[in-house]
Amino acid sequence: MNECDKCGSPDIIIKKKQSGQKLCSNCFIESTKKKVLKDIRRQNLIEKGDKVLLGLSGGKDSVMLLDILSTLKNRGIIDLVAVTIDEGIEGYREEGVELAIKNAEKYGVEHRVVSFKQYFGTTLDKIIQNNSLEVRRNACTYCGVFRRWIFNRVSKEVGATKIATGHNLDDETQSIVMSYLEGNIQNLTRIGPKSQSKSDKFTVKIKPLREIPEKEIGLYVIAKELDVHFAGCPYAGESFRAEIGTILKQLTVNHPTIMYSTLRGFDRIKPVLKKEFATESVFEVCEICGEPSAARLCKACSFLKQWENQD
Amino acid sequence: MKINVKVGNNEDTVTISGEKTIKDLLESMEIAAETVVVKKNDYIVIDEELLEDGDSIEVIQVIYGG
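Everything numeric here is computed off the predicted structure, so don't read it as measured data.

This next bit is on the pairing of strand β1 (residues 2–7) of chain B. For a regular strand, side chains alternate in direction, first toward one face of the sheet and then toward the other. All names here are of chain B. Relative to strand β2 (residues 10–15), β1 is paired through six bridges, and the arrangement is antiparallel. Across the sheet, the residue bridging to Val5 is Asp12, located in β2. Hairpin connection from β1 to β2: two residues lie between these consecutive antiparallel strands, with Gly8 at a positive phi of about 60°. With four bridges connecting them, β1 and strand β5 (residues 56–61) associate as parallel partners. Among the inter-strand pairings, Asn4 is bridged to a residue of β5, identified as Ser56.

The next point concerns the interface of chain A and chain B. Each partner contributes to the interface: chain A provides 27 residues, whereas chain B provides 12 residues. Of all elements in the fold, only β1 (12–15), α9 (214–223) and α10 (240–254) of chain A reach the threshold of two or more residues within the side of chain A that touches chain B. Here the side of chain A that touches chain B takes seven residues from α10(A), the largest share from any one element.

With that settled, the discussion passes to the sheet that holds β1(B). Residues and elements named next belong to chain B. Spatial ordering of the open sheet is given by β2-β1-β5-β3-β4, a layout of five strands whose pairing is mixed. Either end of the sheet is taken by a strand with one partner, and the two such strands are β2 and β4 (43–45). On average, adjacent strands in this sheet sit at an angle of 30° to one another, irrespective of strand direction. Pairing analysis gives five bridges linking strand β3 (residues 36–40) to β5, with the strands arranged antiparallel.

By size, the foremost hydrophobic cluster in this structure holds 75 residues, and its most contacted members are Ile13(A), Val52(A), Leu53(A) and Leu54(A). In terms of residue count, the dominant contributor to this core is helix α6 (residues 139–158) of chain A (eight residues). Residues in contact with Ile13(A), not counting those within four places in the same chain, are Leu23(A), Cys24(A), Ser25(A), Phe28(A), Leu219(A), Ala223(A), Ile44(B) and Ile46(B).

Residues and elements named next belong to chain A. Their axes nearest at 9 Å, the elements helix α7 (residues 169–181) and α10 cross at an angle of 110°. Our classification of the angle between α7 and α10 gives roughly perpendicular. Counted together, Asp170, Thr173, Gln174, Val177 and Met178 of α7 and Phe240, Arg241, Ile244, Gly245 and Leu248 of α10 form the full contact between these two elements. Among the residues forming the contact of α7 with α10, the class breakdown is five nonpolar, three polar and two charged.

On to the sheet that holds strand β6 (residues 162–164) of chain A. All names here are of chain A. One open sheet holds the five strands; their spatial order is β5-β4-β3-β6-β7, and the pairing between them is parallel. Every interior strand has two partners, whereas the edge strands, β5 (110–115) and β7 (204–206), have only one. Sheet twist, expressed as the average angle between the axes of neighbouring strands with direction ignored, equals 25°. Here strand β3 (residues 51–55) runs beside strand β4 (residues 79–86); their pairing, made up of five bridges, is parallel. Bridge pairing links Val52 to Leu80 in β4. Helix α2 (residues 60–74) rests against β3, β4 and β6 of the sheet, and its axis sits at about 165° to β3.

The rules behind these values
- Residues numbered from 1 in each chain as written.
- Chains lettered and ligands numbered in written order.
- Predicted model: local features only at pLDDT ≥ 70, side-chain atom pairs only at ≥ 80, totals over all residues.
- Pairing = 2+ DSSP bridges.
- Helix = DSSP H or I, 4+ residues; strand = E, 2+ residues; numbered from the N terminus.
- Contact = placed C-beta atoms within 7 Å.
- Axes fitted to C-alpha atoms, helices over the stretch in contact; angles between N-to-C directions.
- Core = buried A, V, L, I, M, F, W, Y, C linked by C-beta atoms within 7 Å.
- Buried ≥ 20, exposed ≤ 12 C-beta atoms within 10 Å, placed from the backbone.
- Parallel < 35°, antiparallel > 145°, perpendicular 65-115°, else oblique.
- Nonpolar A, V, L, I, M, F, W, Y, C, P; charged D, E, K, R; others polar.

Spelled out as structure tokens, the structure:
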């Protein structure tokens, strides 16, 4: 008989393949929220009095995180500010920005919309169109570097002590498998629920949804009737991450616990990886922008400089 | 039996025979079940939910590539 394992309702919306647990809409929403709050406590992601900068794209992951973090804000545990980055992706980003504004307003959260244009004088579309460097990377690499730069800069502008992003279980297992397959052990030592830079110039980054499967995040926002932007970034399809994501999703069909076991196994081995392979970067400040950097120029300024020279 | 199926902005009526589930319907449409949430007559349902004549099915894609 298909009925909710918690309340007995016959209207179940999920039968978890990994555990067999059946839940109705209300019990699913409550248990997911409880799980995220428990993960936050267990991993010590947030402390009372933190000012949390939430990266709010308007997509399902960040809006779900807004829904959950706003409960901590309403209980006076944290201060919350949402930041939306407009990368300049025509025909894609506009709707997300609009929904981010709407959601921040709905939850009564301070909100800033910032852009690549504002900080770097260009857009992601232009970067990709005009990039004639010999070694060209895919759009996600540039986008990631510039987004991280902006989040760190804005976190200091608003006095945030943590940067929270909506990375989910699928994202995290993709990162683990990608880094391993690329032999990027340095990257592996940095994957985790909370960044641990020795430099105080980097605001600590946290991933409260790291143990929630992407499909369950989709289910949460639909069950809760949250207004979110469902669309794929036009540049994402070309990435190695997308290829790995497709393989992992395929694997979960017959092996529903594969992402959990990948994450658990990695979390167990990570202390050893860190001990053996983590390098102590000497952090200076970037000569151009003043952001922390292990080299003379930070990655963002280094890209900008290369493009300046190509013109 | 006839079923109304909506995927994104596309709506269509499909005819199916025999006892079929949401999972069967998604497979016949070549939609990966792990990337969508399905509503039957406005309520979210699980993959093994049986289809009935006159049902209105909405397939919402929640996971996009990348």
